[in-house]
Structures are given as structure tokens and as C-alpha cells.
Amino acid sequence: GGFLAPKSIANRIKAKGLQKLRWYCQMCNKQCRDENGFKCHCMSESHQRQMAMFSENSGKYMDEFSREFEEGMMEIIGRKARSQRCSANVVYREYIANRHHFHMNSTIWETLTDFIMYLGREGKCEVDETEKGWFVTYVDRDPEKLRKLEERAKRERTELDSSERHERDL
């Protein structure tokens, strides 16, 4: 069976697309095509080694996966929701379209809602829930921009104070 054999063509087609999340091992970065392949993977020596490493320090791995997931999502949110709010589901779909993304089920967040609420609590995004689901708006934390905003607010307060004094004096 060469390169053009039906079986190898079918295998290439199957390997190309995104596979079912259920058969993905984040620790090994391995996508399996079906339950049997996943079962075989889980029995493999390399998987057993990875899982032994994970069990020695699961918190470190979860934190790392969570950090990577958050960075990837924030990169998209920063691009898509900088000036106007964007559906969290739209952001998530773009994130998972990259086949090398970090899977949410290997992070500290159980659901997209948990993750979006975390972004809101941390002040990384403005979040709001509508009948159409969760929406996010990027909060720019660039120190230079924050300094300029503070200067503008200070200037406006000063102008207001001087105009109030002027009116009072009249």
C-alpha cells in the first residue's frame, strides 16, 4: 500500500481535521481517532510515564495548562473584543480551531462560563450575560494607556474645579 492506496488516503484525510475532544490526551499532546486508539494510548509506556510525572505535581501541570489556555484566549479577545464586545463562544470557537490549542478540560476551569467569570473577577475583561450567552470586552491594562487616561481625568477635574470656582466668584 503506497501513498495513493485507499487506506493511506483515508488515513491522511482522518488525520487532517480536528478529532473528537474525548480522545485527546493533553499530557502527551496526542490525539487518538477513537476509543480503541485512546485505550491503547493509555496503556502505552510513554503515557504511563507522563501520568506518573503528572501525579507527582498535578498542580504545576494544571497551572501551566491554565496559563497557556488563558494566554491563547486573551490573545483572541484582545484582537476581537478590544473596541466592542464579542460573544465568548465566538472567541472560544476561534481558539479551538487551532488544532494545537490547550483543552479546557485540562485547565482549572470546568466550563467556558467559569473561565469568562474568572476574567471578569480579575478585571481582565468586562463580561456580561445576555439571553444570547456571555459576552466579553477586552480591558486594556497597558501601563502607558492607563497613565494617559489618568492624566486626562486629572485635567478634566482641574478644568471642572476652575470653572466651578469661576462661577462661584461671579
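Cut-offs applied
Residues numbered from 1 in each chain as written. Predicted model: local features only at pLDDT ≥ 70, side-chain atom pairs only at ≥ 80, totals over all residues. Heavy atoms only, no water. Pairing = 2+ DSSP bridges. Helix = DSSP H or I, 4+ residues; strand = E, 2+ residues; numbered from the N terminus. Salt bridge = Lys/Arg side-chain N within 4 Å of Asp/Glu carboxyl O. Buried < 20%, exposed > 50% of the residue type's maximum accessible area, 1.4 Å probe, protein only. Core = buried A, V, L, I, M, F, W, Y, C linked by side-chain atoms within 4.5 Å. Contact = heavy atoms within 4.5 Å. pLDDT = per-residue confidence, 0-100.

Novice: Talk me through the sheet that holds strand 5 (residues 133–138); I want residue IDs and the actual numbers.
Specialist: Ordered by their spatial adjacency, three strands build an open sheet running 3-5-4, and the pairing between neighbours is antiparallel. The sheet terminates laterally at strand 3 (86–87) and strand 4 (125–130), the two strands that pair on one side only. When strand 3 meets strand 5, the two strands line up antiparallel, connected through two bridges. Following the sheet pairing, S87 is matched in strand 5 by F135.

Novice: How would you summarise the pattern of salt bridges if you had to cite specific residues and measurements?
Specialist: Tallied over the entire structure, the rule returns 11 salt bridges. The partner of R79 in a salt bridge is E75, and the shortest N-O contact between them spans 3.2 Å. Placement of both R79 and E75 in helix 4 (residues 58–80) is noted, with a separation of four residues, approximately one turn of the helix. Given the relative accessible area of 48%, R79 is considered partly exposed. Taken together, the shared-partner salt bridges in this structure form one network comprising E64, R67, E68 and E71.

Novice: Outline the environment of K30, supporting the account with residue identities and numerical values.
Specialist: Tracing the sequence through the fold places K30 in strand 2 (residues 30–31). In the structure, K30 is positioned 26 residues away from L4 in sequence and 26 Å away in space, judged by C-alpha atoms.

Novice: Report on the nonpolar core, specifying residues and quantitative values.
Specialist: Core analysis: the largest hydrophobic core is formed by 21 residues, its most contacted members being F69, M73, I77, L112, F115, I116 and L119. Secondary structure elements with two or more residues in this core: helix 4, helix 5 (88–97), helix 6 (112–121) and strand 5. Leave out the neighbours within four places in its chain, and I77 touches R82, V91, L119, C125, V136 and Y138. In terms of nonpolar packing, the next biggest core, distinct from the first, is built from eight residues, W23, M27, C32 and Y61 among them.

Novice: Residues and numbers for the confidence of the model for the chain, please.
Specialist: The predicted model of the chain averages 86 in pLDDT, with 92% of residues at 70 or higher. Mean pLDDT in the chain bottoms out at helix 1 (residues 6–16), which sits at 69, and peaks at helix 6, which reaches 95.

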